[in-house]
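Structure at a glance
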Amino acid sequence: MDGSSLDALDARLLLLLADEPRLGVLECARRLGVARGTVQARLDRLSAQHVVRGFPPDIEPGSLGYALTAFAVLEIAQGQREYVSDALAAIDEVCEVHATTGQGDLFVRMVARSNDDLQRVIDTVVDVAGVRRTSTSIALSTPVPPRIRPLLERIARR
């Protein structure tokens, strides 16, 4: 689904749930001034179209003891993207992997408990068959965390 098929009510509903993910359908309907069935139908559609991927809590890795975040650019052997991606998914500290264009083939966000632990995680990544080279950077801070809100607000203003 592309953003052009989201209307202002969809965006307002998503903003409401982003702010208060535990709200029920009835309360969402009340706050948006629409019928409960309208909210339910929109949530069902947004879920079916993979716009809404779930309602898990957003957990800070540092609260679990993983205070260090690092990013690695991986160069991999030709034709090994699926195998390497599956192997990376099996490493608990690997939070996300993106296939990219440019210098590297995969962009990996990982967490660790310390610099020594990060070295262990990097060693585990490097040991994956098909990984040819890595370049890792440690995040010092996150001045702009992952966000969707400004995009939803733009659509809500339509």
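Per chain, the residues get numbers from 1 upward, laid out in the order the sequence is written. Predicted model: local features are reported for residues with pLDDT of at least 70 only, side-chain atom pairs are reported and counted for 80 or more only, and whole-chain, interface and lining totals are derived from all residues. Processing note: side-chain calculations cover all non-hydrogen atoms of the structure and skip hydrogens and water entirely.

Per an unreviewed UniProt entry, the recorded name for the chain is Lrp/AsnC ligand binding domain-containing protein, and the organism is Haloechinothrix aidingensis.

An axis is simply a line fitted to the C-alpha atoms; with a helix, the fit covers only the stretch in contact. Between two such axes, the angle follows the N-to-C directions and lies from 0 to 180 degrees. Runs of E in the DSSP output that reach at least two residues are strands. Runs of H or I that reach at least four are helices, and both are numbered from the N terminus. As a packed pair, helix α2 (residues 25–32) and helix α3 (residues 36–48) sit with axes 8 Å apart at the nearest point and diverge in direction by 110°. The angle between the axes of α2 and α3 places the two elements in the roughly perpendicular class. The interaxial crossing formed by α2 with α3 has right-handed handedness. Contact residues: Val-25, Leu-26, Cys-28, Ala-29 and Leu-32 in α2; Arg-36, Val-39, Gln-40 and Leu-43 in α3. Class assignment of the residues belonging to the contact of α2 with α3 gives a composition of 7 nonpolar, 1 polar and 1 charged. Reported orientations rely on four angle classes, namely roughly parallel under 35 degrees, roughly antiparallel over 145, roughly perpendicular from 65 to 115, and oblique for the rest. Note on convention: near helix rotated counterclockwise from far helix by under a right angle means a left-handed crossing. Clockwise means right-handed. Contacts between residues were defined by any pair of non-hydrogen atoms, one from each residue, lying within 4.5 Å. By the convention adopted, Pro, Cys, Tyr, Trp, Phe, Met, Ile, Leu, Val and Ala count as nonpolar, Lys, Arg, Asp and Glu as charged, and the other residues, Gly among them, as polar.

The next subject is the packing of aromatic side chains. Paired rings are identified among Phe, Tyr and Trp, the last through its six-membered ring, by centres lying within 6.5 Å, and are further divided according to the angle between planes into stacked (under 30 degrees), edge-to-face (over 60) and tilted (the rest). On inspection of all chains with the given rule, the structure shows 1 aromatic pair. Between the aromatic rings of Phe-71 and Phe-107, the centroid separation amounts to 5.5 Å while the plane-to-plane angle is 15°, which identifies the pairing as stacked. One end of the pair, Phe-71, is in strand β1 (residues 68–76); the other, Phe-107, is in strand β3 (residues 106–112), with 36 residues separating them in the sequence. A relative accessible area of 32% means that Phe-107 is categorised as partly exposed. Exposure categories follow from relative accessible area, calculated using a 1.4 Å probe and restricted to protein chains: below 20% of the type maximum is buried, above 50% is exposed, and the middle band is partly exposed.

In this structure, the largest pocket occupies an estimated 2,000 Å³ of space. Lining the largest pocket are 47 residues, and of these Arg-53, Asp-58, Pro-146, Arg-147 and Ile-148 sit closest to its centre. Elements with a contribution of two residues or more to the lining of the largest pocket: α1 (8–19), β1, β2 (94–99), β3 and α6 (149–156). Of the residues in the lining of the largest pocket, the class split is 29 nonpolar, 8 polar and 10 charged. In this entry, domain limits derive from an automatic or database-based domain assignment. When residues of the lining of the largest pocket are sorted by domain, at least three fall in each of domain 1 (8–56) and domain 2 (61–138). Cavities and pockets are defined on a 1 Å grid built over the protein atoms alone: a cavity is a set of grid points where a 1.4 Å probe fits but cannot escape, while a pocket is an open set with protein on both sides within 12 Å along at least five of seven lines, and lining residues are those with an atom within 4 Å of any such point. Grid points are joined across faces, edges and corners, and a volume is the space filled by probe spheres set on the points.

The geometry of α1 relative to α2 is characterised by a closest axis approach of 11 Å and an angle of 125° between their N-to-C directions. Classified by the angle between their axes, α1 and α2 sit oblique to one another. Our pair here, α1 against α2, has a crossing hand that is right-handed. Of α2, the residues touching α1 (which contributes Leu-9, Arg-12, Leu-13, Leu-16 and Leu-17) are Cys-28, Arg-31 and Leu-32. Looking at the contact of α1 with α2 residue by residue, the classes come out as 6 nonpolar, no polar and 2 charged.

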